[in-house]
Amino acid sequence: MAQMVMPISLFSYYEAVFPHISHLSSLCQLHVYFFPVSLSLSLSLSLSLSLSLSLSLSLPCLSLSLPCLSLSLPCLSLSLPCLSLSLPCLSLSLHCLSLLSLRCSFEECSATAEWLLSRTEIRPLVGIVCGSGLGGLAEMLKDQMAFKYSDIPNFPQSTVHGHAGRLVFGMLKGKACVCMQGRFHLYEGYPIHKVTMPMRIFKLLGVETVILTNAAGGLNQDYKVGDIMIIKDHINMPGFAGNNPLAGPNDERFGVRFPSMSDAYDRELLQLAQGVGAELGFGDFLREGVYCVLGGPSFETIAECRMMNRLGADAVGMSTVHEVIVARHCGMRVFALSLITNQAVMDYDSQEKANHEEVLETGQLRAKQLERLVSNMVTHIEHNNNDA
Ligand SMILES: O=P(O)(O)O[C@H]1O[C@H](CO)[C@@H](O)[C@H]1O
């Protein structure tokens, strides 16, 4: 609605003035519009406490509002006139932006990391993300200390079946690890910064290498259900439309403004995985390919699958790429695997339909092999992780 102009413009203003400290976790605004007079009251509690009142006269569809009272403690606050569009007559809107927590600031991530570090003695070097139905990976960890996402400050909640929603710290073959038993997806409704926030928390926990897993649909006609694809590159479809987790002000404490992605997937780890896979006798079902991410939650149409395949994608899913971008931005090494849980439908004569139940079932069938591949990789990363 038209009144949204007001908080968004105020948010941009905070962003511009306090690029590092501004977050909207406690910004509440109440707007009462009663044509022709519009009264707006906003209370903002971030690093500064401010109360401002603005009164404006409105024409039926355009109003110029000038703050007439602004009180702020303890630091500087400027009030700028805002232009807002309003529909005629009465409207009432309450914007409680704490629900959105649009940015995941360095301070917010640090607070979460410190909260975790004060509750466990494990100092993880490897971070693992479990894909749909692949949460069993976390059970490999010894001497576990687990936190429910709902107990962790600033952490989103898992809403998808097959994502348990626990952050598990523990030892894997003598190596300290942290494992996300459940990840976040764009289609759950989270802002992209929130989807990827755990990567920044990993970094602040001391993680150097991230291993991501996912369930994916096979686009490559040579792939079979149950194949494990080492991801060598990705195609970021939401990114083409500007939906990139690094969009917005850049915080140099995490990384540079324009990170390279031609080296997103660590080549040494990729070769290591090929070697470990061959040793384990996984050659028949171990592949290497390109993962294409879409927003979901609807599965792809036949035309979309054909298009992605022609563009060079071997598998399609709804995750991972955003996490990879943020992990690389903050300098962690990345290794990622897709379990091909279903064959993407590419043929109009086919009666097959992608479904989440099949995805979870295939996860169960291959879980043990995937766990062995990841745990053996972790053993070897021990001798490899000095140059992250
Ligand atoms: O990528 P992960 O989290 O493994 O989940 C995959 O499985 C779900 C669809 O069944 C989607 O969320 C897709 O991205």
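Residues numbered from 1 in each chain as written. Predicted model: local features only at pLDDT ≥ 70, side-chain atom pairs only at ≥ 80, totals over all residues. Heavy atoms only, no water.

Looking at an unreviewed UniProt entry, one finds the protein named Purine nucleoside phosphorylase, with Oncorhynchus kisutch as its source organism. Listed under Pathway (unreviewed entry) in UniProt, the entry text for the protein is "Purine metabolism; purine nucleoside salvage." Per UniProt, the protein carries the Function (unreviewed entry) text "Catalyzes the phosphorolytic breakdown of the N-glycosidic bond in the beta-(deoxy)ribonucleoside molecules, with the formation of the corresponding free purine bases and pentose-1-phosphate. Preferentially acts on 6-oxopurine nucleosides including inosine and guanosine." (UniProt positions renumbered as here; feature names shortened; annotations may be inferred.)

A.B. asks: Report on the pairing of strand β7 (residues 126-129), specifying residues and quantitative values.
C.D. replies: In β7, alternate side chains face the same way, and those of V126 and I128 on one face and G127 and V129 on the other are all buried. Examined bridge by bridge, β7 and strand β10 (residues 175-181) share four bridges and lie parallel to one another. Pairing of G127 across the sheet is with V178, part of β10. Where β7 and strand β11 (residues 209-218) come together, four bridges link them in parallel fashion. Along β11, the bridge assignment pairs G127 with V210. (Buried < 20%, exposed > 50% of the residue type's maximum accessible area, 1.4 Å probe, protein only. Helix = DSSP H or I, 4+ residues; strand = E, 2+ residues; numbered from the N terminus. Pairing = 2+ DSSP bridges.)

A.B. asks: So what's going on with the packing of aromatic side chains? Which residues, and what values?
C.D. replies: In this structure the tally under the stated criterion is eight aromatic pairs. With 5.7 Å between their ring centres and 85 degrees between their planes, F147 and F169 make a pair best called edge-to-face. In this pair, F147 sits in strand β8 (residues 142-148) while F169 sits in strand β9 (residues 166-172), placing the two residues 22 residues apart along the sequence. For F147, a relative accessible area of 7% translates into the label buried. For F169, a relative accessible area of 0% gives the class buried. (Phe/Tyr/Trp six-rings, centres within 6.5 Å; stacked < 30°, edge-to-face > 60°.)

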